[in-house]
Amino acid sequence: MKPIIKVENLGKQYQIGLKAEPYSTLRESLVNAARRPIDALRGAKKNGNDRFWALKDINFEVMPGEVVGIIGRNGAGKSTLLKILSRITEPTTGRVELFGRIASLLEVGTGFHAELTGRENIFLNGAILGMRRQEIARKFDEIVDFAEIEEFLDTPVKRYSSGMYMRLAFAVAANLDPEILIIDEVLAVGDAEFQKKCLGKMKDVAERGRTVLFVSHNMIAVKNLCERALCLQHGQVISDSKAEETVDKYLQAGIESASERNWAIDEMPGNNNIRVRRVSVHGLNKPPDQLLLATDRIVFEIDFQNNLDKSDIDVTWDLLDNQGTHIAHIGAVCSSDGKLGTGLYRTTGVFPPGILNSRRYSFSVQFGRNRREVLFRMEDVLVFDVHDNLDRDGNFNEFPGVIRPVCTWDTAFLSERIT
Amino acid sequence: MSEIITSQAAIEPHSGHLLPARPLVVIEPSRGRLPLRMREIWQYRDLLYILTARDIKVRYKQTLLGAAWAIIQPLATMLIFTLFFGRLAGMPSDNIPYPLFAYAGLLPWTFFSNAITNSGNSLVGNTNLITKVYFPRMIIPAASVAAGLLDFAIAFGLLVGLMFYYRVGISVNILMLPVLVVFTSLLALGVGMWISALNVKYRDIRYALPFLIQLGLFATPIIYPASMVPQKWRFLLSINPMTGLIEGYRSSFFGSPFDWLSLGISAALTVVILFYAAYSFRRMERTFADII
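Being a predicted model, the structure only gives us computed values, none of them experimental.

Conventions used here
- Residues numbered from 1 in each chain as written.
- Chains lettered and ligands numbered in written order.
- Predicted model: local features only at pLDDT ≥ 70, side-chain atom pairs only at ≥ 80, totals over all residues.
- Helix = DSSP H or I, 4+ residues; strand = E, 2+ residues; numbered from the N terminus.
- Buried ≥ 20, exposed ≤ 12 C-beta atoms within 10 Å, placed from the backbone.
- Axes fitted to C-alpha atoms, helices over the stretch in contact; angles between N-to-C directions.
- Parallel < 35°, antiparallel > 145°, perpendicular 65-115°, else oblique.
- Left-handed = near helix turned anticlockwise from the far one by under 90°.
- Contact = placed C-beta atoms within 7 Å.
- Nonpolar A, V, L, I, M, F, W, Y, C, P; charged D, E, K, R; others polar.
- Pairing = 2+ DSSP bridges.
- Core = buried A, V, L, I, M, F, W, Y, C linked by C-beta atoms within 7 Å.
- pLDDT = per-residue confidence, 0-100.

Describing the overall build of chain B
Working step 1: The secondary structure content of chain B amounts to 14 helices and 2 strands.
Working step 2: For the C-alpha atoms alone, the extent of chain B along its principal axes is close to 75 × 45 × 40 Å.
Working step 3: Burial status across chain B gives 41% buried among its 292 residues.

What about the packing of helix H3 (residues 118-128) of chain A against helix H3 (residues 45-59) of chain B?
Working step 1: Contact geometry of H3 of chain A with H3 of chain B gives a least axis separation of 9 Å together with a crossing angle of 140 degrees. By the criterion of interaxial angle, the relationship of H3 of chain A to H3 of chain B is oblique. Both H3 of chain A and H3 of chain B take part in a crossing whose hand is left-handed. Judged by residue contacts, Phe-123, Leu-124, Ala-127 and Ile-128 of chain A of H3 of chain A engage Asp-46, Leu-47, Ile-50 and Arg-54 of chain B from H3 of chain B.
Working step 2: In the contact of H3 of chain A with H3 of chain B, the residues fall into 6 nonpolar, no polar and 2 charged.

Brief notes about the sheet that holds strand S15 (residues 326-333) of chain A
Residues and elements named next belong to chain A.
Working step 1: Within the open sheet, the 5 strands sit side by side as S12-S18-S17-S14-S15. Their pairing is mixed. The strands lining the two open edges of the sheet, one partner per strand, are strand S12 (292-293) and S15.
Working step 2: In terms of strand pairing, strand S14 (residues 313-321) meets strand S17 (residues 360-369) through 9 bridges, oriented antiparallel. The residue of S17 that forms the bridge with Leu-320 is Ser-362.

What about the environment of Trp-263 of chain A?
All names here are of chain A.
Working step 1: Along the polypeptide, Trp-263 turns up in the loop between strand S10 (260-262) and strand S11 (274-283).
Working step 2: Put simply, Trp-263 and Arg-275 are 12 residues apart on the chain and 9.8 Å apart in space, counted from C-alpha to C-alpha.
Working step 3: Residues within four places of Trp-263 in sequence aside, it is in contact with Met-268, Pro-269, Val-276 and Arg-277.

Considerations on helix H2 (residues 78-85) of chain A
Working step 1: Taken across its 8 residues, H2 of chain A has 7 buried, putting it largely inside the fold.
Working step 2: Of the residues flanking the end of H2 of chain A, it is Arg-87 of chain A, one or two places downstream, whose phi is positive at about 65 degrees.

Looking at the interface of chain A and chain B
Working step 1: Taken together, the contact pairs 44 residues of chain A with 38 residues of chain B.
Working step 2: Among the elements of the structure, helix H1 (26-42), H2, strand S4 (93-98) and H3 of chain A are those that each provide at least two residues to the side of chain A that touches chain B.
Working step 3: In terms of residue class, the side of chain A that touches chain B is made up of 19 nonpolar, 14 polar and 11 charged.
Working step 4: Pairing of S4 of chain A with strand S2 (residues 25-27) of chain B involves 3 bridges; the strand directions are antiparallel. Paired with Leu-98 of chain A across the strands is Val-25 of chain B, a residue of S2 of chain B.

Side note on the environment of Met-242 of chain B
All names here are of chain B.
Working step 1: Position of Met-242 among the secondary structure elements: in helix H12 (residues 241-254).
Working step 2: Overall, Met-242 belongs to the buried group, with 26 C-beta atoms counted inside 10 Å.
Working step 3: Residues Met-242 and Pro-108 lie 134 residues apart in sequence; the distance between their C-alpha atoms is 9.3 Å.
Working step 4: Excluding anything up to four places from it in sequence, Met-242 contacts Phe-112, Gly-216 and Thr-220.

Here's the deal with the nonpolar core
Working step 1: Counting residues in hydrophobic clusters, the biggest one holds 142 residues, and the most contacted among them are Phe-214, Val-222 and Ala-229 of chain A.
Working step 2: With 13 residues, the single largest contributor to this core is helix H5 (residues 98-120) of chain B.
Working step 3: Excluding residues within four positions of it along the chain, Ala-229 of chain A makes contact with Val-68, Gly-69, Ile-70, Ile-71, Val-222, Ala-243, Thr-246 and Val-247 of chain A.
Working step 4: In this structure, Val-276, Phe-300, Phe-367 and Leu-375 of chain A belong to the second largest nonpolar core, which totals 24 residues.

Looking at the confidence of the model for chain A
Residues and elements named next belong to chain A.
Working step 1: Looking at chain A as a whole, the pLDDT averages 81, with 83% of positions reaching at least 70.
Working step 2: Within chain A, the lowest mean pLDDT, 63, falls on H1, and the highest, 93, falls on S4.
Working step 3: Contacts from residues 18-22, a stretch scored under 50 in pLDDT, to residues over four places away or in other chains number 4 contacts.
Working step 4: Within the model, the stretch residues 43-48 combines pLDDT values under 50 with 1 contact to residues more than four positions away or in other chains.

Digging into unusual backbone geometry
Working step 1: Its identity as a non-glycine residue notwithstanding, Arg-37 of chain B has a phi of 55 degrees, on the positive side.
Working step 2: Mapped onto the secondary structure, Arg-37 of chain B falls in the loop between S2 and helix H2 (38-43).

Here we look at the pairing of strand S18 (residues 373-387) of chain A
Residues and elements named next belong to chain A.
Working step 1: Pairing of S12 with S18, which is carried by 2 bridges, proceeds in the parallel orientation. Counterpart to Leu-293 in the pairing with S18 is His-387.
Working step 2: Taking the residues between adjacent antiparallel strands as the criterion, S17 and S18 are bridged by 3 residues, where Asn-370 takes a positive phi near 55 degrees.

Here's the deal with the confidence of the model for chain B
Residue and element names in this part refer to chain B.
Working step 1: Overall, the prediction assigns chain B a mean pLDDT of 87, with 94% of residues at 70 or greater.
Working step 2: Here helix H1 (residues 8-11) stands out as the element of chain B with the lowest mean pLDDT, 36, in contrast to helix H9 (residues 177-201), whose mean of 95 is the highest.
Working step 3: Confidence drops under pLDDT 50 across residues 1-16; counting only partners more than four residues distant or on other chains, this segment forms 25 contacts.
Working step 4: Interface predicted TM-score (ipTM) for the complex: 0.76; the corresponding pTM is 0.72.

Brief notes about the sheet that holds strand S9 (residues 236-242) of chain A
Residue and element names in this part refer to chain A.
Working step 1: Taken together, 6 strands build an open sheet; the order of strands is S5-S6-S7-S3-S8-S9 and the sheet is mixed. Strands at the two margins of the open sheet, each flanked by one partner only, are strand S5 (102-105) and S9. Averaged over neighbouring strand pairs, the angle between their axes works out to 15 degrees when direction is ignored.
Working step 2: The strands touched by H2 within the sheet are strand S3 (67-71), S5, strand S6 (180-184), strand S7 (211-215) and strand S8 (228-233), with S6 carrying the most contacts at an inclination of about 150 degrees.

Here we look at the environment of Ile-182 of chain A
Residues and elements named next belong to chain A.
Working step 1: Within the element layout of this structure, Ile-182 appears in strand S6.
Working step 2: Here Ile-182 falls in the buried class, since 23 other C-beta atoms lie within 10 Å of it.
Working step 3: In this view, Ile-182 contacts Leu-82, Leu-85, Ser-86, Ile-102, Ser-104, Leu-105 and Leu-213; residues no more than four positions away in its chain are not counted.

Here it is as structure tokens:
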């Protein structure tokens, strides 16, 4: 059989700094244009080190009807790969051949306009995804049905709840019926009921012989939905085999540490009172490069420079989940006798296991003095993922609920009949 | 960015497991001059229609006066110029009542300037689309130009009213109007699409554009007749592609003879600008998603 997607030597190079300063002004360009020949005369180094390869030497083929999972840490190149496949950005090297119509769902609700009604947005979104008007009209009822928004069809989507918005967006894309469907993290949002429905729809699509590329952090969904999975690291494919194997490799090997941040001495965030040197989140008794599982004790660690002599310093952590829910406010008073001296300190906290659900979390850190005065606050210090390692009888949806405590259960016999 | 090779069988959406012999889409780094891919734009014509409709619907949502704004802008400008140039300065107007004369010029000029402003900002305003989905990018500025046509039609209604009021009859010259509108739209598309692509990279455009449009208003015979300009400067005036068009609109409304030379220059310049803009757009388009 012939592959439906053929990727050969694909590479994408980005210029570092392009993201920070996405657009330039005319003046800068003129200045640069004037400088370039001067730099060349001076023999200035060619700026080869401010470029990096987001993807390099990617080779793979996908057969029609295959469901392939793509996993990897943030920044591993997944999004870049999807953007090239969906023709949003151009590769620097290599070649991709697609033998079917492709639809990508890189972000649910792309192209929705808040002022337009649900009905108008169905047509708008469908057209953006490459559908003809008659085609959308033909599938209109199916889309509305799937999204369950009949009563709100003529309401502007800005008045929709986020759940309704999501359902409508997924419904349009899923009913597009392309030969190749690319799905990126749509399951990270929405309620459990809806996630189930989306996964069901994906299975449906696959069973009808469509090809699906599924990018997710939900390892259980990848294991259950995909026969095969690719794992990316530093822009390269490091594993391409059965989904089970790739997922296990990803979970065990702990591909790279994203849950640690170090700052160089002259770049340490903070102020004259406090500067942060390093932050880390990892499993207790596990090296920092291993993935966090829901059953791990989680260690929160911060190294900071204290420049205030003889004071009471406290550190508090505000933990948020990926939907912005404030999960916990935890912290420590580093000293209570007013005698903490200047110097480098490490504060470590251990979070009990079996409380955090398998999601993505982020946190802020705040330093205070004498339990009143705020010295320094840092938002979104770090993002970390808690992974699920339990397969629950084929139920691969994310476990619902903000927390998932490990409870002890017991069932005792009371009597034969109620008397 | 990528090359579309379409065979009839390949377009069939539900060819099932039967794969086409040749790839539907080849994605490769682009080299050399890029083809315009008009066929692909044609395939996405429904998107052009829907984006145009979106632009129109959204423009007057939550406004008090709604579509009246289409008339207010040229009308208010006309009244101001009538007061200062018509009354106080006694500007000649080719034997047409000055208010009518000025409005006939401001009508297409308002369309043109709004079209290039809106399309010039259109790519930047649709960042979420550009970074998330693929479709021929030219559709975005094109939809902005097309959306302006409705305003033009509404404002044209007022012109008809004014012509009744001043008892100026309509002649067969009005038959040229559709041709003029097509050329004005194409010119606006060319300029607008070029500006929109530059705007992605250089946000200076946003500040320069209103100023350039204001200059254009005076560099084009809108509030003064071209006949007022000394013969030796006429040539300079006709290098401005809007000159021939604006004069053409007046001839078609008021029945005066067309200046075919001037119209020809405008038409030729429009075609040149359009092609130049389309090719530069294609070249710049490759990096939109990376730098926007």
